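Commentary on secondary and tertiary structure
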Amino acid sequence: QGQLVDSGGGLVQAGGSLRLSCAASGRTFSRYAMGWFRQAPGKERDFVAAITWIGGTTYYADSVKGRFTISRDNAKNTVYLQMNSLKPEDTAVYYCAAVHTGWGSPLLTVDKTYDAWGQGTQVTVSS
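First, a word on what this report is: a plain description of the structure on this page. (Residues numbered from 1 in each chain as written. Predicted model: local features only at pLDDT ≥ 70, side-chain atom pairs only at ≥ 80, totals over all residues. Heavy atoms only, no water.)

The subject of this paragraph is the overall build of the protein. Within the protein one finds zero helices and 11 strands. Reading the helices (α) and strands (β) of the protein from amino to carboxyl end gives β-β-β-β-β-β-β-β-β-β-β. A globule of 127 residues ought to have a C-alpha radius of gyration of about 14 Å, and the protein, at 13 Å, matches this closely. A principal-axis box enclosing the C-alpha atoms of the protein has dimensions of 40 × 25 × 25 Å. Across the 127 residues of the protein, 43% fall into the buried class. With the model as given, the accessible surface of the protein reaches about 6,500 Å², and the carbon-plus-sulfur share is 49%. (Helix = DSSP H or I, 4+ residues; strand = E, 2+ residues; numbered from the N terminus. Rg over C-alpha atoms; globule rule 2.2 N^0.38 Å. Buried < 20%, exposed > 50% of the residue type's maximum accessible area, 1.4 Å probe, protein only. Areas by Shrake-Rupley, 256 points an atom, 1.4 Å probe, with all protein chains shown as cover.)

Rendered as structure tokens:
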């Protein structure tokens, strides 16, 4: 069975940038939509961004629109989250997720839609 491996987290000052990666190993995630979620200490897991299999449709949480960009390289079985203008409130563990669907849908903003998850990568933004 395939797995997702998140990486790219770290400590950055406010206003800085990070790029997260999520690599699928063990199998191809062909026809899988991919998403990023995050969970801060003591809070629920929140939607961040999602992208359809072909990459033609993307979804973003209002809190990250204009600052974060989700993209994917299907040849490398990898999805990325470019995070710019980071704020202390972006501090959280970030998780990538996958669901087998070729279609776009607002359901991609819901964590229960997904059936495969990465282990998470910590992002800490200092003020």
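All told, the structure shown has one disulfide when counted by the stated rule. Residue pairing for Cys-22: its cysteine sulfur links by disulfide to Cys-96, the two sulfurs lying 2.0 Å apart. Given an S-S torsion of about 50 degrees, the disulfide between Cys-22 and Cys-96 has right-handed geometry. Here Cys-96 lies in strand β9 (residues 92–100) and Cys-22 lies in strand β3 (residues 18–25), a separation of 74 residues in the sequence. Comparing Cys-22 with Cys-96 shows no difference in burial state: the two are buried. (Disulfide = S-S within 2.5 Å.)

To continue, consider the sheet that holds β3. Spatially, β1-β3-β8-β7 is the arrangement adopted by the four strands of the open sheet, whose pairing is antiparallel. Across the chains shown, the open sheet's two edge strands, defined by having one partner strand only, are β1 (3–7) and β7 (68–73). With direction set aside, neighbouring strand axes in the sheet form an average angle of 15 degrees. Pairing geometry for β7 and strand β8 (residues 78–83), over six bridges, is antiparallel. Across the sheet, residue Ile-70 finds its bridge partner in β8, namely Leu-81. (Pairing = 2+ DSSP bridges. Axes fitted to C-alpha atoms, helices over the stretch in contact; angles between N-to-C directions.)

Before going further, it helps to examine the pattern of salt bridges. Overall, the coordinates contain four salt bridges when judged by the stated rule. Ionic pairing is found between Asp-90 and Arg-38, a salt bridge with its closest N-O pair at 2.9 Å. Pair noted here: Asp-90 is in the loop between β8 and β9 and Arg-38 is in strand β4 (residues 32–39), with a separation of 52 residues, a long-range link. With respect to burial, Asp-90 and Arg-38 carry one shared label: buried. One salt bridge in this structure joins Arg-45 and Asp-111, with 3.4 Å as the shortest N-O distance. Separated by 66 residues along the polypeptide, Arg-45 in strand β5 (residues 45–51) and Asp-111 in the loop between β9 and β10 (116–117) bring together distant segments of the chain. Each of Arg-38, Arg-67 and Asp-90 takes part in one network of salt bridges that share partners. (Salt bridge = Lys/Arg side-chain N within 4 Å of Asp/Glu carboxyl O.)

We now examine the pairing of β4. Within a regular strand, the side chains alternate between the two sheet faces. With respect to burial, β4 is a largely interior element, seven of its eight residues being buried. Examined bridge by bridge, β4 and β9 share eight bridges and lie antiparallel to one another. When the bridges of β9 are listed, Gly-35 appears paired with Ala-97. The sheet contact formed by β4 and β5 spans six bridges and is antiparallel. Following the sheet pairing, Gly-35 is matched in β5 by Ala-50. A loop of five residues connects β4 with β5, the two strands running antiparallel in sequence, and Gly-42 in this loop sits at a positive phi of about 75 degrees.

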